[in-house]
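Overview (structure and organization)
Spelled out from the first residue to the last, the chains are:
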Amino acid sequence: DSLQVQPTTVSLIGADSRQQLLVTVKRERREIDCTDDATFKSSNRSIVIVTEEGVVLPIADGQATIEVTFGGGATSVDVNVANAKQLPSLHFERDIIPLLTRSGCNSGGCHGKQSGQAGFKLSVFGHDTPADYAAMVSEGRGRRVFPASSSGSLLLLKAINRVPHGGGRRIAPESPEYRRLLRWIEGGLPWGDDDTPRVVKIDVLPRQRVLSERSQQRLLVTATLSDGSTRDVTSEAAYISNDKAFATVDPHGRISTTSRGGETAIVVRYQEHVAATLIMVPINSKAAGSTQLANWDRSHFIDRLVAEKWESLNLSPSSPADDATFLRRVFLDLIGRLPSPAEATGYLSDIRSDKRVHLVNSLLERPEYADFQALKWADLL
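Residues numbered from 1 in each chain as written. Predicted model: local features only at pLDDT ≥ 70, side-chain atom pairs only at ≥ 80, totals over all residues. Heavy atoms only, no water.

1. Observations concerning the overall build of the protein
For the protein, the count of helices and strands is 10 helices and 20 strands. Here the C-alpha radius of gyration of the protein, 27 Å, is well above what a compact globule of 381 residues would show, namely 21 Å. Going through the 381 residues of the protein one by one, you find that 40% of them count as buried. Considering only contacts within the protein whose residues lie at least 6 apart along the sequence, 54% involve residues at least 24 apart. Just so you have it, the protein exposes about 20700 Å², and 51% of that area is on carbon and sulfur atoms. Across the protein, 45 positive and 46 negative side-chain charges occur, with their mean positions spaced 6 Å apart. (Helix = DSSP H or I, 4+ residues; strand = E, 2+ residues; numbered from the N terminus. Rg over C-alpha atoms; globule rule 2.2 N^0.38 Å. Buried < 20%, exposed > 50% of the residue type's maximum accessible area, 1.4 Å probe, protein only. Contact = heavy atoms within 4.5 Å. Areas by Shrake-Rupley, 256 points an atom, 1.4 Å probe, with all protein chains shown as cover. Lys, Arg positive; Asp, Glu negative; His and termini not counted. Charge placed at Lys NZ, Arg CZ, Asp CG, Glu CD.)

Okay, structure coming up:
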């Protein structure tokens, strides 16, 4: 067994900084997430603390170590804390819009739809931040903030469902998201300094993972800013599963697989940036491989990629199709019709060992191939 923690080092700058740790153990050539079952301990709680979920939080400037243990194994992560007592200035686009997106406030089913909701309209997923700022701060009917009594702003009261809200509770009272919104209102609803470093990309870990049925996997999302610094945005990103029949994901980035095998992508969105994690669940988890797959010809790159996918899903290929079946399939796939009697007789009587390659190449050279593919693409587009 091999215990690994990501990131390997942590740098916390500012009082509201945080870092989610991702703990993985390697067993039988497969990486397994054990973050929820690992134990975390800070070497100096006056400098840094760590929650049971593996979130590292700053207390005072200095250096400390987080010890991570699981299943008899142990490793550690070095942490450096700076400006622990200072709250950084807020920027509406960087710090407020992501909270609204994660909470679903600007989705197409809520205030992001064409007519808005209850007189309050936002752009879908925050694509027009100046308009969103005007709607929240300036519009007579849409305004949901009240700097004279910040905690009494409808933006907060509806989000925590203290005032009846059709969308229900979107954030928890006194949560980090609540405190940031409150600080923004108390600070006079600033747009922010446009020289503030902006997010240029996001990365998600793991990028790909093979999971078992009814298992879990945490995600770690890191934003890279224009000044080269990085920021953990796992708690601020929005997550969606492309196919919930295979895997679901909660608002905290925790993936849960179902009892079905297959694959899907978990899409992660932060501001206008998008990343994805590919999740695969072996369809036959008890299969130990097959002679058929071991003998599969991987000389062509397509066959090699197909074989690698089969291995990851514990699938075995069917036996090769006979000549008559292959002939019918390749004609339908490439030119959209069945072979004529003469074409079938000629191919079936051919004794060359590479006649299938010659057949495919000859069909690709025929004008019917271009016509058929153009028809298919015209239908799609």
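2. Details of the nonpolar core
Of all hydrophobic cores here, the largest spans 25 residues; its most connected members are Met136, Leu155 and Trp184. For this core, the elements supplying multiple residues, two or more each, are α1 (92-102), α2 (129-137), α3 (154-159) and α4 (176-186). If we skip the residues at most four places from it in the chain, Trp184 touches Leu90, Phe92, Ile96, Tyr133, Met136, Val137, Val145, Leu155, Leu189 and Pro190. Counting residues in hydrophobic clusters, the runner-up holds 22 residues, among them Leu12, Cys34, Ile47 and Ala84. (Core = buried A, V, L, I, M, F, W, Y, C linked by side-chain atoms within 4.5 Å.)

3. Side note on the packing of α1 against α2
The N-to-C vectors of α1 and α2 enclose an angle of 75 degrees; their axes lie 11 Å apart at closest approach. Considering their axes alone, α1 and α2 lie roughly perpendicular with respect to each other. For the pair α1 and α2, contact is made by Phe92, Glu93, Ile97 and Leu100 and by Thr129, Asp132, Tyr133 and Met136, respectively. (Axes fitted to C-alpha atoms, helices over the stretch in contact; angles between N-to-C directions. Parallel < 35°, antiparallel > 145°, perpendicular 65-115°, else oblique.)

4. Considering the sheet that holds strand β19 (residues 262-270)
Within the open sheet, the 4 strands sit side by side as β12-β20-β19-β16. Their pairing is mixed. The open sheet is flanked by β12 (208-210) and β16 (238-241), the only strands paired with a single partner. Mean inter-strand twist for the sheet, computed between neighbouring axes without regard to direction, equals 20 degrees. In this structure, β19 lies alongside strand β20 (residues 273-281), joined through 9 bridges in antiparallel fashion. Bridge pairing links Val267 to Ala276 in β20. (Pairing = 2+ DSSP bridges.)

5. Let's talk about the pattern of salt bridges
Counted according to the given criterion, the structure contains 20 salt bridges. Among the ionic pairs, Asp194 bridges to Arg198, the shortest N-O distance being 3.3 Å. Given a relative accessible area of 45%, Asp194 falls into the partly exposed group. Members of the salt-bridge network, linked through shared partners, are Arg94, Asp95, Arg180, Arg231 and Glu236. (Salt bridge = Lys/Arg side-chain N within 4 Å of Asp/Glu carboxyl O.)

6. So, the pairing of strand β9 (residues 62-70)
By the bridge criterion, 4 bridges tie strand β6 (residues 39-42) to β9 in an arrangement that is antiparallel. Pairing of Thr39 across the sheet is with Thr69, part of β9. Strand direction decides the pairing type here: β9 and strand β10 (residues 73-82), joined by 9 bridges, are antiparallel. Note that in β10 the partner of Glu67 across the bridge is Ser76. Joining the antiparallel neighbours β9 and β10 is a turn of 2 residues, in which Gly71 adopts a positive phi near 55 degrees.

7. Quick notes on α2
Within α2, the full set of buried residues consists of Thr129, Asp132, Tyr133, Ala135, Met136 and Val137. For α2, the elements touching its buried residues are α1, α3 and α4.

8. What to know about the sheet that holds strand β7 (residues 48-50)
Strands sit in the order β3-β8-β7 across an open sheet of 3 strands; the sheet is antiparallel. Looking at the sheet topology across the chains shown, the edges are occupied by β3 (19-20) and β7. Pairing of β7 with strand β8 (residues 55-58) involves 3 bridges; the strand directions are antiparallel. Of the residues in β8, the one forming a bridge with Ile49 is Leu57.

9. Points about the environment of Leu87
Of note, Leu87 is situated in the loop between β10 and α1. Taking the C-alpha atoms as reference points, Leu87 and Thr101, separated by 14 residues in sequence, lie 23 Å from one another.

10. Looking at a nonpolar patch on the surface
On the surface, Phe301, Ile302, Leu305 and Val306 cluster together into a nonpolar patch covering about 350 Å² of accessible area. Topologically, Ile302 is positioned in helix α6 (residues 301-312). The class of Ile302 is partly exposed, set by a relative accessible area of 44%. (Patch = residues over 30% accessible without salt bridge, like charges linked within 9 Å, V, L, I, M, F, W, Y side chains within 5 Å.)

11. Some thoughts on the packing of helix α7 (residues 323-335) against helix α8 (residues 341-348)
For the pair α7 and α8, interaxial distance at closest approach is 10 Å and the crossing angle is 135 degrees. In terms of their interaxial angle, α7 and α8 are classed as oblique. As α7 packs across α8, the resulting crossing turns out to be right-handed. The segment α7 lies against α8, with Asp323, Ala324, Phe326, Leu327 and Phe331 engaging Glu343, Ala344, Tyr347 and Leu348. The residue makeup of the contact of α7 with α8, split by class, is 7 nonpolar, no polar and 2 charged. (Left-handed = near helix turned anticlockwise from the far one by under 90°. Nonpolar A, V, L, I, M, F, W, Y, C, P; charged D, E, K, R; others polar.)

12. Digging into unusual backbone geometry
With an omega dihedral of -5 degrees, the bond running from Gln6 to Pro7 counts as a cis peptide bond. Relative to the helices and strands, Pro7 resides in the loop between β1 (2-6) and β2 (9-13). For the bond from Leu205 to Pro206, the omega torsion is -5 degrees, close enough to zero to count as cis. In the Ramachandran plot, Asn83 falls in the positive-phi region, its phi being about 55 degrees despite a non-glycine side chain. Topologically, Asn83 is positioned in the loop between β10 and α1.

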